[in-house]
Amino acid sequence: MNSRRVNVEDYRRLARKTLPRVIFDYLDGGAEDEKGLAHNRNAFDQWRFTPHRLTDVSQRDISTSLFGTRWSAPFAIAPTGFNSALWPDGDIKLASAAASAGIPFILSTASNASIEEVARCAEGEKWFQLYVVQQQLAEKLVMRALKAGYTTLIVTVDVGVNGNRERDRHNQFSLPLKSTPSLILSGCLHPSWTLRFLQNGMPQLANFVSTENGSLQAQAAVMSRQMDAGFNPNSLKRLRELWPYRLLVKGIIRPEDAEVCISCGADGVILSNHGGRQLDGSLAPIETLAEVVARIDRPVLADSGFRRGSDIVKAICLGADMVLLGRATLYGLAARGQQGVDEVIALLKAEVDCTLAQIGCPAVDELSAAYLRRVS
Ligand SMILES: Cc1cc2nc3c(=O)[nH]c(=O)nc-3n(C[C@H](O)[C@H](O)[C@H](O)COP(=O)(O)O)c2cc1C
């Protein structure tokens, strides 16, 4: 572990120093007034630990089981698009870091390395995230993931329409990036990023590259034209029929929506408000987690706002089977490439372990609501 950077916020600060503003804001920002972004962090404070004393915590185990696999920690890397804008080969670096750490990695529809390339280049179990796109395109992507050996399909249902991210609009963020005077100036002020970017060229939306879609602009246009704001339970059932392995639905907040997903054949849900990037003012997933867990008898995962091992432990206490990390590992990637991702994973593992010791619980598998009290 790195002695100078001791928490995720330290990696965030280094990412801010390393990246041009337009790229840092794409990574860090949220929708509209970013109240949802702040709320995702503050929501954890509604629960306080009730540490159990006089228990033997000299040996501790932070591993956990999900879908028949024993993972080294109760967290995974969330699907995120355009990772190579942060560091060249960002998807492969994240997937490789996850594989060597023994945690799952989820490849985004909007990745810069293709479904097949990531399957070829990184070890470990692969999960693929599908945006709600029109049926024909969905079928094509699902079949590619199946052929390439992915084991789990994650269907993200909170992006029928893009969120209103005002930092991106102020910065004129677009695909491809526009050479605005401020990007050029910012590029000069962040020479190591600029050099890496110039050496590797503009990242492509690799899953959309074809002879007709040679340019990034064309690939981005295809993806946004194909988004299906009409996605409904019947659309989910059709995907269920196409995909023979595990299928999870990501972007759920309401308990009754989780029940609908299960009744359509999903194997579990991921509670998420997309890290506050879509709807500003949503409840945080941690706030509906216990209710969802009580309503469905399938795995429940959660993301949005997790930056500390203690956040992860709180979610597991409330019944989550696993937590997904979005920005936390991306800050590591942006700051130091794969080494930064390795370091963030290692420090969060250490924080989970330390929290177990502090609350008097020897294993993640033994966490329960008894270790928490809601204070507001
Ligand atoms: C830069 C960025 C890109 C993202 N791209 C995707 C994506 O392509 N697909 C998806 O399902 N979620 C995407 N997300 C959302 C994450 O999967 C996850 O839900 C969110 O980051 C969790 O919040 P956190 O960043 O506070 O951990 C993205 C998030 C970020 C920060």
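For the structure, see preceding data.
These numbers were taken from a predicted model, which means no experiment stands behind them. (Residues numbered from 1 in each chain as written. Predicted model: local features only at pLDDT ≥ 70, side-chain atom pairs only at ≥ 80, totals over all residues. Heavy atoms only, no water.)

Caption draft 1: Inspection of the overall build of the protein chain at higher detail. Each helix and strand counted, the protein chain has 15 helices and 12 strands in total. Expected size for 376 residues packed as a compact globule is a radius of gyration near 21 Å; at 20 Å, the protein chain falls within 12% of this value. The burial tally for the protein chain puts 58% of its 376 residues in the buried class. Excluding contacts between residues fewer than 6 apart, the proportion of contacts in the protein chain whose partners are at least 24 apart in sequence is 74%. Here the protein chain has roughly 15,900 Å² of accessible surface; of this, 50% comes from carbon and sulfur atoms. Averaged over its 42 positive side-chain charges, the protein chain has a centre that lies 4 Å from the centre of its 40 negative ones. (Helix = DSSP H or I, 4+ residues; strand = E, 2+ residues; numbered from the N terminus. Rg over C-alpha atoms; globule rule 2.2 N^0.38 Å. Buried < 20%, exposed > 50% of the residue type's maximum accessible area, 1.4 Å probe, protein only. Contact = heavy atoms within 4.5 Å. Areas by Shrake-Rupley, 256 points an atom, 1.4 Å probe, with all protein chains shown as cover. Lys, Arg positive; Asp, Glu negative; His and termini not counted. Charge placed at Lys NZ, Arg CZ, Asp CG, Glu CD.)

Caption draft 2: Main features of the nonpolar core. Counting residues in each nonpolar core, the largest one holds 110 residues, and the members touching the most others are Phe75, Phe128, Leu130, Val269, Ile286 and Leu367. If you tally residues by element for this core, the top one is helix H15 (residues 327-359), at 14 residues. Apart from the residues within four sequence positions on either side, Phe128 is in contact with Ile106, Leu107, Ser108, Thr109, Ile115, Leu141, Ala145, Tyr150, Thr152, Leu153, Ile154 and Asn207. (Core = buried A, V, L, I, M, F, W, Y, C linked by side-chain atoms within 4.5 Å.)

Caption draft 3: Region of the structure containing helix H10 (residues 216-226). Every buried residue of H10 is accounted for by Leu216, Gln219, Ala220, Val222 and Met223. Angular distribution of buried residues about the axis of H10 spans 155°; they occupy a single face of the element. Turned more than 90 degrees from where H10 packs its buried face, Gln217 and Arg225 sit exposed. (Arc of directions from axis to C-beta.)

Caption draft 4: Quick peek at the site of the ligand. Residues in close proximity to the ligand total 22 residues, the closest being Pro79, Ser108, Thr156, Asp303 and Gly305. For the ligand, a nitrogen atom lies 2.9 Å from a polar atom in the side chain of Tyr131. A distance of 2.7 Å is found between an oxygen atom of the ligand and a side-chain nitrogen or oxygen belonging to Thr156. With the chains in place, 98% of the 600 Å² that the ligand exposes on its own is no longer accessible. Of the residues in the shell around the ligand, the class split is 6 nonpolar, 11 polar and 5 charged. (Near = heavy atom within 4 Å. Polar contact = N/O pair within 3.5 Å; in protein donor to acceptor, adjacent residues only side chain to side chain. Nonpolar A, V, L, I, M, F, W, Y, C, P; charged D, E, K, R; others polar.)

Caption draft 5: The state of the cysteines, seen in detail. Taken as a whole and judged by the stated rule, the model has 0 disulfides. Left unpaired, Cys317 is separated from the closest cysteine sulfur, that of Cys361, by 7.2 Å. (Disulfide = S-S within 2.5 Å.)

Caption draft 6: Geometry of the packing of helix H14 (residues 309-317) against H15. At a minimum axis distance of 7 Å, the contact between H14 and H15 shows a crossing angle of 60°. Taken as axis vectors, H14 and H15 run oblique relative to one another. Considering how the two elements wind past one another, H14 and H15 form a crossing that is right-handed. On H15, the residues touching Gly309, Ser310, Ile312 and Val313 of H14 are Leu348, Glu351, Val352, Thr355 and Ile359. (Axes fitted to C-alpha atoms, helices over the stretch in contact; angles between N-to-C directions. Parallel < 35°, antiparallel > 145°, perpendicular 65-115°, else oblique. Left-handed = near helix turned anticlockwise from the far one by under 90°.)

Caption draft 7: Summary view of the pairing of strand E11 (residues 322-325). The alternating pattern of E11 places Met322 and Leu324 and Val323 and Leu325 on opposite faces, both of which are buried. Pairing of strand E4 (residues 75-77) with E11, which is carried by 3 bridges, proceeds in the parallel orientation. The residue of E11 that forms the bridge with Phe75 is Val323. Across 2 bridges, strand E10 (residues 300-302) lies against E11 in parallel orientation. By the bridge assignment for E11, Leu301 is matched with Met322. (Pairing = 2+ DSSP bridges.)

Caption draft 8: Just unusual backbone geometry, in detail. With omega at -5°, the peptide bond leading from Leu175 into Pro176 counts as cis. Checked against the element boundaries, Pro176 lands in the loop between helix H7 (166-170) and helix H8 (181-189). For Glu32, which is not glycine, the phi dihedral falls at a positive 45°. Here Glu32 is to be found in the loop between helix H2 (21-28) and helix H3 (35-42). Residue class for Glu32 comes out partly exposed when judged on its relative accessible area of 39%.

Caption draft 9: Summary view of the environment of Leu301. Take Leu301: it is sitting in strand E10. Overall, Leu301 belongs to the buried group, its relative accessible area being 0%. Spatially, the C-alpha atoms of Leu301 and Asn213 are 35 Å apart, while their sequence positions differ by 88 residues. The residues contacting Leu301, other than those within four sequence positions of it, are Leu66, Trp127, Leu248, Val269, Ile270, Leu271, Met322 and Leu324.

Caption draft 10: Representation of the packing of aromatic side chains in the model. Inspection of the entire model under this criterion finds 7 aromatic pairs. Ring centres of Trp71 and Trp127 lie 6.2 Å apart, and the angle between their planes is 85°; this geometry places the pair in the edge-to-face category. Placement of Trp71 in strand E3 (residues 69-71) and of Trp127 in strand E6 (residues 126-131) is noted, with a sequence separation of 56 residues between them. By relative accessible area, which is 7% here, Trp71 ends up buried. For Trp127, a relative accessible area of 1% puts it in the buried group. Geometrically, the ring pair formed by Trp243 and Tyr245 is edge-to-face, given 5.8 Å between the ring centres and 90° between the ring planes. Look at Trp243 and you get buried, because its relative accessible area is 1%. Three or more aromatic residues joined by ring pairs make a cluster, and in this case those are Phe67, Trp71 and Trp127. (Phe/Tyr/Trp six-rings, centres within 6.5 Å; stacked < 30°, edge-to-face > 60°.)

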